[in-house]
Amino acid sequence: MASAIASTRYSLALGTGLGVVPAVFAAGLNIGVEIPRMDVAEYHRPYVAAWLERADNAVAGTLAVWYEVKKRDNEGVKWLKDMRQWWRRTGRELSVPIDGITGPTRPAGRHDLAFSEGTGPLPKLPAGSYKLVVEASRESGGREVVTVPFDWPAKAPVSLKDQGKSELGAITLDLKP
Amino acid sequence: MRIAYRLTFCAAALCGLLSHAQAHNVWLKPSSTVLSKAEWITVDAAVSNDLFFFNHFPLNIEKLAVTAPDGGTVQPENVSRGKLRTVFDLNLTQPGTYRLAVANASLNASYKDRATGQTKRWRGTLDKLAAEVPADAVDLAVTESVSRIETFVTVGKPSALQPINHGLELVPVTSPADLVQGEKATFVLHVDGKPAPGIEVEVIADGTRYRNQIDPVKATTDAQGRFSVTWPAAGLYWIEASAKDGKTSAAPAKERRLSYVATVEVLP
């Protein structure tokens, strides 16, 4: 009995340590980014950027950027511009790496990220219409942008989804009031 | 007097001067115009009939000036002047927008030799005019040519370009780093630093060799000197504008011919 309670406390502490805040404390959103499996001779993990735009295309915040962080002489930065929309809208104003936002490229599969309003990359968003934009660019491959519009704040939990055709798979957005 | 104005200056091609809009295309072609970190680029410079193919002459880059975002100059490196093109490398180390420009100014004269009655042509600078053109020349007609051949390269975040304020000049409203297929871009043309209305502009897409019509996009600057282009496809584009006025810098010249060309890159 005692060990069951102890292990429950341990996993709760571990969860908080990873930045997963229970929904009851703050509004937030979870995004799911699927990087499709590619059957190509020369495969490179894509560069991916996920950010929020307001209705007028102004950027509310960058949530994640996956690029080749470990290359010598910061060479990985050279290809950030190939995420063309992100680069033009906000990327070129930022200085990477940014703690909590940038990270290494990820393998094929589904990647889930959770954000709490007012902590980390997700700022407090004024009420209004927004877009989650996810852009992927792959070396010796293509580039794709997937946009998921949403209204903020959500009065009840909302699940939204869109599907990429080539460089991105399912992009999901769960809004938590 | 009339004959002098109808003469075409084919020799201009040898010096890389665009003296007449329908002669040869002159251009700079950078390897990239948008960079996300400081790095080297390479640039081709040519006088040719096609965009952007080399089929005539290398461009003389004696008057090349590369202006960095902080106003300083960047020297071209590994310069090679071949049969059909000039190539050079540039080490772009600062964030911001670089202006690459070849600016030429000269006087063109035509006259009849008093002794032989032969029509002669001369090009040069004002200081050489008195020495090289006979004082007793008949029907002397002098025009001034002011031309600019430009392109723009941006590292990271674009920065404002310092104006030239002389001759015909393109002032971007839309940054050259923000040109996107399907979107509208706006530019202003200035003459001697002031917006110039009524200037005719032609915009030609890359790849003229591979299509049957040139299909230029034509525009005329409005009362504020502005013109806009909505890019039909991604790729390189050549913007060309020319004008004439009487504001010459040297008294013997009665007419001034201004020309401006630029290479811009539109991304998908």
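Conventions adopted
- Residues numbered from 1 in each chain as written.
- Chains lettered and ligands numbered in written order.
- Predicted model: local features only at pLDDT ≥ 70, side-chain atom pairs only at ≥ 80, totals over all residues.
- Helix = DSSP H or I, 4+ residues; strand = E, 2+ residues; numbered from the N terminus.
- Buried ≥ 20, exposed ≤ 12 C-beta atoms within 10 Å, placed from the backbone.
- Pairing = 2+ DSSP bridges.
- Axes fitted to C-alpha atoms, helices over the stretch in contact; angles between N-to-C directions.
- Core = buried A, V, L, I, M, F, W, Y, C linked by C-beta atoms within 7 Å.

Focus on unusual backbone geometry
Looking along the chain, the bond that leaves W152(A) and enters P153(A) is cis, with omega of 0 degrees. Checked against the element boundaries, P153(A) lands in the loop between β7 (143-152) and β8 (158-163). Following L51(B), the chain continues to F52(B) via a peptide bond in cis, the omega torsion being -10 degrees. Topologically, F52(B) is positioned in the loop between β3 (39-48) and β4 (57-58). Positioned with a positive phi, N78(B) is a non-glycine residue whose angle comes to about 50 degrees. By the secondary structure assignment, N78(B) is in strand β7 (residues 77-81). Taking the C-beta count within 10 Å as the criterion, N78(B) has 10 such neighbours and is therefore assigned exposed. With a phi close to 50 degrees, D192(B) is a non-glycine residue in the positive phi region. Residue D192(B) is classed as partly exposed on the basis of its C-beta count, with 16 C-beta atoms lying within 10 Å.

A closer look at the sheet that holds strand β1 (residues 28-35) of chain A
Residues and elements named next belong to chain A. What the four strands build is an open sheet, ordered β5-β1-β9-β8; its pairing is antiparallel. In this open sheet, the two strands that pair with only one neighbour each are β5 (109-116) and β8. The sheet shows a mean angle of 15 degrees between the axes of neighbouring strands, direction not considered. Of the strand pairs in this sheet, β1 and β5 are connected by eight bridges, and their pairing is antiparallel. Among the inter-strand pairings, N30 is bridged to a residue of β5, identified as A114.

Things to note about the pairing of β8(A)
Residue and element names in this part refer to chain A. Within β8, only zero of the six residues are buried, which leaves the element largely exposed. The pairing of β8 with strand β9 (residues 170-176) spans six bridges and is antiparallel. Within β9, the position partnered with S159 by the bridge is D174. Hairpin connection from β8 to β9: six residues lie between these consecutive antiparallel strands.

What about the environment of A114(A)?
Among the structural elements, A114(A) can be located in strand β5. Between the C-alpha atom of A114(A) and that of V148(A), which follows or precedes it by 34 residues, the distance is 16 Å.

Re the nonpolar core
W27(B), L59(B), Y237(B), I239(B), A241(B), Y260(B) and V261(B) are the most contacted members of the largest nonpolar core, which totals 51 residues. In terms of residue count, the dominant contributor to this core is strand β19 (residues 255-266) of chain B (six residues). Listed in part, the 32 residues of the second largest apolar core include Y47(A), L52(A), W66(A) and L175(A).

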